[in-house]
Amino acid sequence: MTILEVNSAKTRKEFLDVARVIYKDDPVWVCPLDQDIETIFDPKKNSFFTHGKAKRWILKDGQNRLIGRIAAFVNDKKAYTFEKPTGGIGFVESFDNAAAFNLLFDTAKEWLKQQGMQAMTGPINFGENDMFWGLLVDGFTHPSYGMNYNKPYYLQHFKNYGFRVDYEQLTNHLDLHKEFPERFTKIAEWVAKKPGYVFKYLDPKNFDQFAEDFVEIYNDGWKNFTNFSPIKIESVNQSFEKMKAIMDPKLIWFAYINGEPASFIVMLPDANLMIKPLNGKLDLIGKLKFLYKKLRGVNRMRAVVMGTKEKFQKHGLESAMFIKLKEYVLPKNQYDELELSWVGDFNDKMLAIHSATGSEFGKKHATLICDF
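Residues numbered from 1 in each chain as written. Predicted model: local features only at pLDDT ≥ 70, side-chain atom pairs only at ≥ 80, totals over all residues. Heavy atoms only, no water.

The subject of this paragraph is the overall build of the protein. Each helix and strand counted, the protein has 11 helices and 13 strands in total. Relative to a compact globule of 372 residues, whose C-alpha radius of gyration would be 21 Å, the protein shows 21 Å and is just as compact. Looking at the protein residue by residue over its 372 residues, the buried ones come to 56%. Long-range pairs, those at least 24 residues apart, make up 77% of the contacts in the protein with a sequence separation of at least 6. Summing over all exposed atoms, the protein offers an accessible surface of approximately 17,000 Å²; the carbon and sulfur share of this is 51%. Charged side chains of the protein number 51 positive and 47 negative; the gap between the two group centres comes to 3 Å. (Helix = DSSP H or I, 4+ residues; strand = E, 2+ residues; numbered from the N terminus. Rg over C-alpha atoms; globule rule 2.2 N^0.38 Å. Buried < 20%, exposed > 50% of the residue type's maximum accessible area, 1.4 Å probe, protein only. Contact = heavy atoms within 4.5 Å. Areas by Shrake-Rupley, 256 points an atom, 1.4 Å probe, with all protein chains shown as cover. Lys, Arg positive; Asp, Glu negative; His and termini not counted. Charge placed at Lys NZ, Arg CZ, Asp CG, Glu CD.)

Along the chain, Arg300 turns up in strand 11 (residues 300-308). Of note is the side chain of Arg300, whose polar atom sits 3.2 Å from the side chain of His142. Not counting chain neighbours up to four residues away, the residues in contact with Arg300 comprise His142, Leu268, Pro269, Asp270, Leu273, Tyr335 and Glu337. (Polar contact = N/O pair within 3.5 Å; in protein donor to acceptor, adjacent residues only side chain to side chain.)

Right, let's get into helix 6 (residues 207-221). Spanning 15 residues, helix 6 covers 21 Å between terminal C-alpha atoms, matching the ideal 21 Å at 1.5 Å per step. At its buried positions, helix 6 is contacted by strand 8 (197-201), helix 7 (233-243), strand 9 (252-257), strand 10 (260-269) and strand 11. (Expected span 1.5 Å × (residues − 1).)

Turning to the pairing of strand 7 (residues 164-175), a few remarks are in order. Both strand 7 and strand 13 (residues 360-371) contribute to a ladder of nine bridges, which runs antiparallel. Note that in strand 13 the partner of His173 across the bridge is Glu360. Examined bridge by bridge, strand 7 and strand 12 (residues 337-344) share six bridges and lie antiparallel to one another. From the neighbouring strand, Leu174 faces strand 12, where its bridge partner is Leu338. (Pairing = 2+ DSSP bridges.)

What follows concerns the packing of aromatic side chains. One pass over the structure, following the stated rule, counts 35 aromatic pairs. Between Tyr218 and Phe228 the ring centres are 6.3 Å apart and the planes differ by 40°, which places this aromatic pair in the tilted class. With Tyr218 in helix 6 and Phe228 in the loop between helix 6 and helix 7, this pair connects stretches of sequence that are 10 residues apart. Judged on exposure class, the residue Tyr218 and its partner Phe228 are both buried. (Phe/Tyr/Trp six-rings, centres within 6.5 Å; stacked < 30°, edge-to-face > 60°.)

The next subject is the packing of helix 5 (residues 182-192) against helix 10 (residues 317-332). Relative orientation of the contacting elements helix 5 and helix 10 amounts to 95°, with a least axis distance of 8 Å. Taken as axis vectors, helix 5 and helix 10 run roughly perpendicular relative to one another. Contact residues: Phe184, Thr185, Ala188, Val191 and Ala192 in helix 5; Leu317, Ser319, Ala320, Phe322, Ile323 and Lys324 in helix 10. Here the residues of the contact of helix 5 with helix 10 are counted per class, giving eight nonpolar, two polar and one charged. (Axes fitted to C-alpha atoms, helices over the stretch in contact; angles between N-to-C directions. Parallel < 35°, antiparallel > 145°, perpendicular 65-115°, else oblique. Nonpolar A, V, L, I, M, F, W, Y, C, P; charged D, E, K, R; others polar.)

Another point: the nonpolar core. By size, the foremost hydrophobic cluster in this structure holds 119 residues, and its most contacted members are Ile89, Phe105, Phe322 and Leu338. Take this core: its biggest share by element is eight residues, from helix 10. Not counting residues within four places of it along the chain, the set of residues in contact with Phe105 comprises Ile70, Ile89, Val92, Met120, His157, Phe158, Tyr161 and Phe163. (Core = buried A, V, L, I, M, F, W, Y, C linked by side-chain atoms within 4.5 Å.)

Here we take up helix 11 (residues 348-357). Taken together, the buried positions of helix 11 are occupied by Met350, Ile353, His354 and Thr357. One face of helix 11 carries all of its buried residues, which in axial projection span an arc of 100°. Along helix 11, the residues that are exposed and aim more than 90 degrees away from the buried face are Asp348 and Ser355. On its buried face, helix 11 is in contact with strand 7, helix 5, strand 11, helix 10 and strand 12. Trailing helix 11 by a residue or two, Gly358 shows a phi angle of about 90°, which is positive. (Arc of directions from axis to C-beta.)

Rendered as structure tokens:
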């Protein structure tokens, strides 16, 4: 086997092609858009390069055929929040071959050691955790846009190398045609009518203000979680640019209490239903196919991220926003299912919200860690 650093147009293309080779006959897999992956590794488009670095490799067999890939990252803002300096790995793909997995892991580990790291976590993204994060370990069904999908054998190869589960990421599914539980509805309706409580969906014309509100809420609501790293306005703007093509502003809600930003929920139509036929390519023909599919609509949504300021948690704001959302969604007669993804097993408050909605188990991912 030969491992090659990705450092040319040819190897960049091959890095993208590895997944197409491995999942060629998998009817469930949806090829991520090439441009979504390439943006992550472009210092001009990914603000994480201002405080970190990334490297990637491809793996070939003796007949020069693509059989694997891996990327490694160092996020200087997060690496030193762990017990040991910890880098990340991601975009790991390989056929079911122990030697191939080990060589990929070894290569990433050696580079991370050179950067001063003493452990590695993954599979993660060199960016925010709303995309390409975690190893799928249960629920090998249709992946939503931005959610990792992999073969079941991946977990054993990670564990055999020495990775252990750091935390699990739970995804639940909500049937939008079912009534919310009675208690959930009563609380939501009561909260929605409270004086000084205002609920708004995203207005793209005032995006700058909404982006500032998002950062304020997110950084306050998540500040007490382990390894938390504050989000910057640049990251929100970059995420918005990615979302614009598929975004429905009335699926993104903010709550305010006496004018103060208090809570938000961001949902997107499941773009994977639109991009599945494109095989990752969004050229002119791909865009025409995408637009055709978009016009026909999709019947699934994904809740990408939720957040509430610490002092407003347990106020029922999330419940009220779910009710507001349903008031918009049901008359459209388009969406059947909402995927609530993903919630870390450490986030008891958000898991309680999932349970209160009456949602059911959908998938489980795991973020793993390995000491050197």
